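# Coordinates in review
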Amino acid sequence: MKSSVIRALQHLSDKPGNLFVKVIQHGSMSVEIYRPVNIDPQTPHLQDELYVIISGYGDFLNDGVLTSFQQGDVLFVKAGVEHRFENFTDDFATWVIFYGPEGGE
């Protein structure tokens, strides 16, 4: 299985109004591309997740802790934890990798 950034962003642009699209699925693991506009409306997820920042920079709130992020960074979020991207640039996009059992590992 393979997905490129260009192909994933094209799939996303083919679905107006969508902020994410799933590009790979295997077992409990799924990979999405996520590109919010202006604000990040997401809520806690059932699985652990990794974000791999494709482009842009900004701040990331993870369980009450605010850190900066930039292209190339990897961020981890435990299942069920409140988190969101803030103050991000217009070119912000990230891979999202969900994995493991509901409730986290």
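### What about the pairing of strand β8 (residues 93–99)?
Note on strand geometry: in a regular strand, side chains alternate between the two faces of the sheet. Burial analysis of β8 places five of its seven residues in the buried class, the great majority of the element. As defined by bridge partners, strand β2 (residues 29–34) adjoins β8 across five bridges and the pair is classed as antiparallel. Within β8, the residue paired with I33 across the bridge is W95. As paired elements, strand β3 (residues 48–55) and β8 share seven bridges and run antiparallel to each other. From the neighbouring strand, D48 faces β8, where its bridge partner is Y99.

### What about the environment of M29?
In this structure, M29 sits in strand β2. Each C-alpha atom, one on M29 and one on D48, is 9.9 Å from the other, the two residues being 19 residues apart in sequence. Non-local contacts of M29, meaning those with residues more than four positions away in its chain, are made with I24, I97, F98 and Y99.

### Quick look at unusual backbone geometry
One non-glycine residue with positive phi stands out, namely N38, at about 70 degrees. Mapped onto the elements of the fold, N38 is located in the loop between β2 and β3. In this structure, D63 is a non-glycine residue whose phi angle is positive, near 55 degrees. Summarising the element assignment, D63 is placed in the loop between β4 (57–62) and β5 (65–70).

### So, the sheet that holds strand β1 (residues 20–26)
Strands sit in the order β1-β2-β8-β3-β6 across an open sheet of five strands; the sheet is antiparallel. Across the chains shown, the open sheet's two edge strands, defined by having one partner strand only, are β1 and β6 (74–77). This sheet shows a mean twist of 20 degrees between the axes of neighbouring strands, independent of strand direction. The sheet strands contacting helix α1 (residues 5–13) are β1, β2, β3 and β8, and the helix crosses β1 at an angle near 125 degrees.

### Here we look at the pairing of strand β7 (residues 83–86)
Taking every second residue as pointing to the same face, the buried face of β7 carries H83 and F85, while none of R84 and E86 on the other face is buried. Sheet topology note: the β4/β7 ladder contains four bridges and is antiparallel. Across the sheet, residue L61 finds its bridge partner in β7, namely R84.

### Describing the nonpolar core
Core analysis: the largest hydrophobic core is formed by 13 residues, its most contacted members being Y51, I53, F60, F69, L75, F85 and F92. Secondary structure elements with two or more residues in this core: β3, β6 and β8. The contact partners of F60, leaving out residues within four places of it in the chain, are Y51, V65, L66, T67, F69, L75, V77, H83, R84 and F85. Within the second largest apolar cluster, nine residues are counted, among which are A8, L12, V21 and W95.

Here is what the cut-offs are and how they apply
Residues numbered from 1 in each chain as written. Predicted model: local features only at pLDDT ≥ 70, side-chain atom pairs only at ≥ 80, totals over all residues. Heavy atoms only, no water. Buried < 20%, exposed > 50% of the residue type's maximum accessible area, 1.4 Å probe, protein only. Helix = DSSP H or I, 4+ residues; strand = E, 2+ residues; numbered from the N terminus. Pairing = 2+ DSSP bridges. Contact = heavy atoms within 4.5 Å. Axes fitted to C-alpha atoms, helices over the stretch in contact; angles between N-to-C directions. Core = buried A, V, L, I, M, F, W, Y, C linked by side-chain atoms within 4.5 Å.

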